[in-house]
Amino acid sequence: MDLLEIIDNKQKSEPQIKLLIDGLLRSPWQCPDKLIDKHVTKSLAKILKKYKRSVLYFVFSNKKFCWFNSYITKIDIFLYEIEPFKAASFSLQYELYKEIIIEDLEKQGLDYNQLSVEGQQALVGLYLYATIAIYDVVGITNNHPSILKKIPYLLVKPRYLDAYLIQQFRRYCNIHSNITDYLYFYKIIKDIELQKLKKNSDFLKSVTNYLVDKTISINIRYLEKPFSLALQQLYERAQLLTYLICLLINSYLQKDKIYSQSILINNSELLKAGFTQDEIDCLIADIGKRTGFYNTILEKTESKHLLKLKRFSIKYCFHVHTKSLLDKFLKTKDKWFEKSYLIPYLKNELNSKRFIVGRGFQRNNKYANEFSNYDIDVVIYDKKTDLFYFCQVKHRLTSLMTNFRNELNTFGSEKIQDGIAQLTGIKQIINQDLIKQQIITAFQNTSLTTSYIRKNDFSQNSRFLFIHNMEDFDFCVSQEITMYEWNTFRNLLKGYMVSSRIQNNNIESLEQHKELIVDFADLNAVKAISPANNTGDSEFKISKEYLQITIYSYSQLIILNKKIRSFKKLECLAPYFN
């Protein structure tokens, strides 16, 4: 069971809980106190309402006159891991909630950077507690009796602990995947002069090929040459994005940090690198329905010659700015990724001595009244574990910034749940003669024999996987169907795992190539073989010593608009829902 699934099921079954969760996820300062009081643990509700009150006072109040009240002015957050007192700083919490805070404030015509320090601190604290409250409301946590008395001391209930640890493992993998991407760029940019980086140069094309494969799951080597017009336009856009990312990383090298929101670049730099003005203008105009900071990576400024280049994650940048062009390419191709790309790729890339790759199949409409709908894009048989993996692949799902609100919305969306339903449909009838015949056809012209398939009990050695291209839903479970992001799944099949560590203030990438004899549908088994659990100097281990945050607040007592005194207090202990 997945924590997202627990929350999704709860809000679908109880309308009032859905109303409360929606209120906590979107502009939580507007969430009704009545709903909070009714469903949130009393001591936690009291804190949540105090942060609401503080946000309304410091961010939205014009008069700023106060007869008598106290407001939050600052929060301190500490993260307890294997090693005690490891800081989870305010800035890191802001990074976690940045996208939705900016989005919600923009709807009110406000800029986070223009707020007072007190307003910023109160906002981040409110979003932090709103997240904690959601897990409390759906029953994932318990307010643990302790000597702290009125201080909330929340613990994950034992029956949900494995699901919580898998969630942390997912976050760990996503973070280190991003670190690996940046390390890749650090290494290559240190060894090249940017002035020599030109459109269609072998070097830029090599880096672009890497990113196209990593971000939109297409390996250039498996595409027909010459490129069609649509594919050529897509590839040219990818080269421009790659060049811009190189400029960003280079600026980090100069400043020795990676937290800048944006940098200014000269339009002429892009022209000198071989990109046309039309290419540049089209990228600037590619905002789709996105608003605010995350609408486009490149923006015009008041100066004719200067452009603002924003700090986007590499995956987000490629997903949003290649979508329209990739859709254009795929428009004339019926399920191109699943039918024309996937099978040749897997057959060529996987170890054929271990894995046998079979074609996909689906329910014939003449059986619509007899069987639930099912659709399998590829079947993989693992000789070492004697397991069959029946995979449903969704290559082009909408990619979002990684945050809890969008995760929860997308998890329960029709596109994902339709894919899950197609797998649960076949799972129930996997030993039917009709299905066995389709499996025999899927493995025609392979070494897997018809007699083995006919006698095999598929209810015992079949696994069902939902493969997609959204890292937010890597290592997820829905209705007992395991979900993987494409890159993760293919790397596991190849026995390739990456982690990173900090040593002497340097970040190092650790690569591991090792055949993985494991049930890939068993997320706990996969977690157990991860470098996160087995590298002695791993930055943090996913273990039963699960993460816990301790929050201190600084309050200000105001009487007749005068600051009477400030005080600090231990406010809450809770699991770290990052």
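Residues numbered from 1 in each chain as written. Predicted model: local features only at pLDDT ≥ 70, side-chain atom pairs only at ≥ 80, totals over all residues. Heavy atoms only, no water.

A few words now on the overall build of the protein. Each helix and strand counted, the protein has 21 helices and 17 strands in total. The proportion of buried residues among the 578 residues of the protein is 56%. In the protein, of all internal contacts separated by at least 6 residues, the share reaching a separation of at least 24 is 69%. (Helix = DSSP H or I, 4+ residues; strand = E, 2+ residues; numbered from the N terminus. Buried < 20%, exposed > 50% of the residue type's maximum accessible area, 1.4 Å probe, protein only. Contact = heavy atoms within 4.5 Å.)

The next point concerns the nonpolar core. By size, the foremost hydrophobic cluster in this structure holds 94 residues, and its most contacted members are Leu 123, Phe 390 and Phe 443. In contact with Phe 443, other than residues within four places in its own chain, are Ile 356, Val 357, Gly 358, Val 379, Tyr 381, Phe 388, Leu 448 and Ile 453. Of all hydrophobic cores here, the second largest spans 85 residues; its members include Leu 223, Phe 318, Ile 343 and Phe 355. (Core = buried A, V, L, I, M, F, W, Y, C linked by side-chain atoms within 4.5 Å.)

For the rest of this paragraph, the subject is the packing of aromatic side chains. Applying the stated rule across the entire model yields 30 aromatic pairs. On the numbers, 6.4 Å between centres and 25° between planes, the contact of Phe 388 with Phe 390 is stacked. Ring centres of Phe 388 and Phe 458 lie 4.9 Å apart, and the angle between their planes is 55°; this geometry places the pair in the tilted category. Of this pair, Phe 388 sits in strand S10 (residues 387-393) while Phe 458 is found in helix H18 (residues 458-461), placing the two residues 70 residues apart along the sequence. Of the two residues examined, Phe 388 and Phe 458, each falls in the buried class. One aromatic cluster in this structure is built from Tyr 381, Phe 388, Phe 390, Phe 443, Tyr 452, Phe 458 and Phe 464. (Phe/Tyr/Trp six-rings, centres within 6.5 Å; stacked < 30°, edge-to-face > 60°.)

For the rest of this paragraph, the subject is the pattern of salt bridges. Summed over the entire model, instances satisfying the criterion amount to 22 salt bridges. For Asp 33, the salt bridge goes to Lys 52, with nearest N and O atoms at 2.7 Å. Taken as a pair, Asp 33 in helix H3 (residues 33-39) and Lys 52 in helix H4 (residues 42-60) lie far apart in primary sequence, 19 residues in all. Between Arg 221 and Glu 349 there is a salt bridge; the shortest N-O distance is 2.9 Å. (Salt bridge = Lys/Arg side-chain N within 4 Å of Asp/Glu carboxyl O.)

Moving on to the confidence of the model for the protein. Per-residue confidence for the protein averages 83 on the pLDDT scale, and 83% of its residues sit at or above 70. This model gives residues 81-87 a pLDDT under 50, and the stretch forms 13 contacts once residues within four places in sequence are excluded. A low-confidence stretch, residues 535-545 stays under pLDDT 50, and its non-local contacts, those more than four residues away or across chains, total 32 contacts. (pLDDT = per-residue confidence, 0-100.)

Listed in full, the buried residues belonging to helix H11 (residues 277-285) are Glu 279, Ile 280, Leu 283 and Ile 284. Viewed along the axis of H11, the buried residues span an arc of 135°, placing them on a single side of the element. Of the exposed residues in H11, those oriented more than 90 degrees away from the buried face are Asp 278 and Ala 285. (Arc of directions from axis to C-beta.)

A few words now on the packing of helix H2 (residues 15-25) against helix H6 (residues 117-137). At their nearest, the axes of H2 and H6 sit 9 Å apart, and the two run at 165° to each other. The pairing of H2 with H6 is recorded here as roughly antiparallel in orientation. Crossing geometry of H2 relative to H6 is assigned as left-handed. Seen from H2, the contacting residues are Ile 17, Leu 20, Ile 21, Leu 24 and Leu 25; seen from H6, they are Ala 130, Ala 133, Ile 134 and Val 137. Across the contact of H2 with H6, the residue classes tally to nine nonpolar, no polar and no charged. (Axes fitted to C-alpha atoms, helices over the stretch in contact; angles between N-to-C directions. Parallel < 35°, antiparallel > 145°, perpendicular 65-115°, else oblique. Left-handed = near helix turned anticlockwise from the far one by under 90°. Nonpolar A, V, L, I, M, F, W, Y, C, P; charged D, E, K, R; others polar.)

A few words on unusual backbone geometry. A positive phi is found at Ser 27, a non-glycine position, where the angle reads about 45°. Mapping Ser 27 onto the fold places it in the loop between H2 and H3. Located in the positive-phi region is Asn 445, a residue other than glycine, with phi close to 65°. Mapped onto the fold, Asn 445 is located in the loop between helix H16 (433-442) and helix H17 (450-455). Residue class for Asn 445 comes out exposed when judged on its relative accessible area of 80%.

The next thing to look at is the pairing of S10. Across the seven residues that make up S10, a large majority, seven, are buried. The side-chain alternation of S10 yields two buried faces, one formed by Leu 387, Tyr 389, Cys 391 and Val 393 and the other by Phe 388, Phe 390 and Gln 392. Pairing between strand S9 (residues 375-382) and S10: five bridges, direction antiparallel. Its bridge partner being in S10, Tyr 381 is matched across the sheet by Phe 388. Relative to strand S11 (residues 462-468), S10 is paired through six bridges, and the arrangement is parallel. In the sheet register, Phe 388 faces S11, and the bridge partner there is Ser 462. (Pairing = 2+ DSSP bridges.)

Once that is clear, we can look at the sheet that holds strand S5 (residues 262-266). Reading across the sheet, the three strands line up as S5-S7-S6 and stay open at both edges, with antiparallel pairing between neighbours. This sheet does not close on itself; its edge strands, each paired only once, are S5 and strand S6 (298-300). The average undirected angle you get between the axes of adjacent strands in this sheet is 35°. One ladder, built from five bridges, connects S5 with strand S7 (residues 306-310); its direction is antiparallel. Counterpart to Leu 264 in the pairing with S7 is Lys 308.

Before going further, it helps to spend a moment on a positive patch on the surface. Among the surface-exposed residues, Lys 42, Lys 46, Lys 150 and Lys 569 lie close enough to one another that they form a single positively charged patch. Here Lys 42 lies in helix H4. For Lys 42, a relative accessible area of 73% puts it in the exposed group. (Patch = residues over 30% accessible without salt bridge, like charges linked within 9 Å, V, L, I, M, F, W, Y side chains within 5 Å. Areas by Shrake-Rupley, 256 points an atom, 1.4 Å probe, with all protein chains shown as cover. Lys, Arg positive; Asp, Glu negative; His and termini not counted. Charge placed at Lys NZ, Arg CZ, Asp CG, Glu CD.)

Before going further, it helps to spend a moment on the environment of Ala 421. The topology assignment puts Ala 421 in helix H15 (residues 414-427). With 58 residues separating them in the primary sequence, Ala 421 and Gln 479 have C-alpha atoms 8.7 Å apart.

What follows is about the sheet that holds S10. Here we have six strands laid out as an open sheet, ordered S8-S9-S10-S11-S13-S12, and mixed in their pairing. Of all strands in the sheet, those with a lone pairing partner are strand S8 (355-362) and strand S12 (476-478), marking the two edges. Mean inter-strand twist for the sheet, computed between neighbouring axes without regard to direction, equals 30°. Across three bridges, the pairing between S12 and strand S13 (residues 481-485) is antiparallel. If you follow Ser 478 over to S13, its bridge partner there is Ile 481. In the packing of H16 onto the sheet, the strands contacted are S8 and S10, and the crossing angle to S8 comes to about 125°.

Among the eight residues of S9, eight are classified as buried, and the element is accordingly described as predominantly covered. Both S8 and S9 contribute to a ladder of seven bridges, which runs antiparallel. Across the sheet, the residue bridging to Val 357 is Ile 380, located in S9. Hairpin geometry of S9 and S10 is characterised by an intervening segment of four residues between the two adjacent antiparallel strands and by a positive phi of about 55° at Asp 386.

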